[in-house]
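As a plain string of letters, each chain reads:
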Amino acid sequence: SQTIHQWPATLVQPVGSPLSLECTVEGTSNPNLYWYRQAAGRGLQLLFYSVGIGQISSEVPQNLSASRPQDRQFILSSKKLLLSDSGFYLCAWRRHDSNQPQHFGDGTRLSIL
Amino acid sequence: QKEVEQNSGPLSVPEGAIASLNCTYSDRGSQSFFWYRQYSGKSPELIMSIYSNGDKEDGRFTAQLNKASQYVSLLIRDSQPSDSATYLCAQGGGTSYGKLTFGQGTILTVHP
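Treat the numbers as computed from the prediction; the structure is a model and nothing was measured.

Caption draft 1: Quick peek at the state of the cysteines. Applying the stated criterion across every chain, the model contains two disulfides over all chains. Covalently, Cys23(A) is tied to Cys91(A) through a disulfide, its sulfur atoms 2.0 Å apart. The sign of the S-S torsion, about -75°, decides the handedness of the disulfide formed by Cys23(A) and Cys91(A): left-handed. Taken together, the positions of Cys23(A) in strand E3 (residues 19-26) and Cys91(A) in strand E9 (residues 87-94) put the pair 68 residues apart, joining distant regions of the chain. There is no split in this pair, since Cys23(A) and Cys91(A) are both buried. Across the disulfide from Cys23(B) sits Cys89(B); the S-S distance is 2.1 Å. Judged by the sign of its S-S torsion, about -75°, the bond between Cys23(B) and Cys89(B) is left-handed. Residue Cys23(B) is found in strand E3 (residues 19-25), and its partner Cys89(B) is found in strand E9 (residues 85-92); the two are separated by 66 residues along the sequence. Note on Cys23(B): relative accessible area 1%, which makes it buried.

Caption draft 2: Fine view of empty space enclosed by the protein. Counted according to the given criterion, the structure contains one cavity of 30 Å³ or more. Of the pockets and cavities examined, the largest cavity occupies roughly 30 Å³. When the residues that make up the lining of the largest cavity are grouped by side-chain class, the tally is two nonpolar, eight polar and two charged.

Caption draft 3: Structural detail: the interface of chain B and chain A. Contact with chain B, which involves 21 residues of that partner, is made by 24 residues of chain A. Counting each side, the surface lost to burial between chain B and chain A is near 1,700 Å², with a carbon and sulfur contribution of 53%. Our count for the chain B to chain A interface comes out at one salt bridge. Glu59(A) serves as the salt-bridge partner of Lys99(B), at 3.2 Å between the closest nitrogen and oxygen. At the surface where chain B touches chain A, the tally comes to ten residue pairs in polar contact (both at pLDDT 80 or more). Contributing elements (two or more residues each) for the side of chain B that touches chain A: strand E4 (33-38), strand E5 (45-50) and strand E10 (100-102) of chain B. The biggest single contributor to the side of chain B that touches chain A is E4(B), with three residues.

Caption draft 4: Molecular detail of the environment of Leu11(B). Residues and elements named next belong to chain B. Counting through the fold element by element, leucine 11 comes out in strand E2 (residues 11-14). Spatially, the C-alpha atom of leucine 11 lies 4.8 Å from that of leucine 108, the residues being 97 residues apart in sequence. In contact with leucine 11, other than residues within four places in its own chain, are Ala19, Ser20, Leu21, Thr106, Ile107, Leu108 and Thr109.

The rules behind these values
Residues numbered from 1 in each chain as written. Chains lettered and ligands numbered in written order. Predicted model: local features only at pLDDT ≥ 70, side-chain atom pairs only at ≥ 80, totals over all residues. Heavy atoms only, no water. Disulfide = S-S within 2.5 Å. Helix = DSSP H or I, 4+ residues; strand = E, 2+ residues; numbered from the N terminus. Buried < 20%, exposed > 50% of the residue type's maximum accessible area, 1.4 Å probe, protein only. 1 Å grid on protein atoms, 1.4 Å probe; cavity = no way out; pocket = protein on both sides within 12 Å on 5 of 7 lines; lining within 4 Å. Points joined across faces, edges and corners; volume = space filled by probe spheres on them. Nonpolar A, V, L, I, M, F, W, Y, C, P; charged D, E, K, R; others polar. Contact = heavy atoms within 4.5 Å. Buried area = accessible area lost by both parts, 1.4 Å probe. Salt bridge = Lys/Arg side-chain N within 4 Å of Asp/Glu carboxyl O. Polar contact = N/O pair within 3.5 Å; in protein donor to acceptor, adjacent residues only side chain to side chain.

Take a look at the structure:
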């Protein structure tokens, strides 16, 4: 069966510091991968998605970037965090080329001080 | 632009009742719809997928899709306090990118 791992679960960072969140998927190959952010009490905002290694599409221009160095690894980064980057960050995967749903990791709760 | 609208809620039902959650969508092109449940502080969990007109039942959950009227609903029978959560409706994009358009969610509270 497929599993998705995200870490860390919780992170507290000062304004201006860098960020690296990692997501890995097991049990499948060539998945579609997604990064979302959910602000407190708000809906899901798609940040980036990837359909293959090195292929990144950005949905919203912002202070973040994403990379996919390996087939089942997706990384969300920032060089300098802003207060507005606080939120719940979710990674999701889906089978490539199918009509299947997305499946979410447990998320990272990021607080910026 | 694709839009998915959910009944704003919050929705409160007594234990044992039927909870009805509704969702309308603007894009007729997609063939896939999903319901996710999100407990407070947790990530969304898929509970139902529906791809064709009509009803799909899974245990206490029934998803209904009406493409002519562009709505999808979720019925929860014999509601339990453990069903209290935010329910997210999502529409698939119909392409290999697999992007989903999410509604804002409906908060459901089941009181004993």
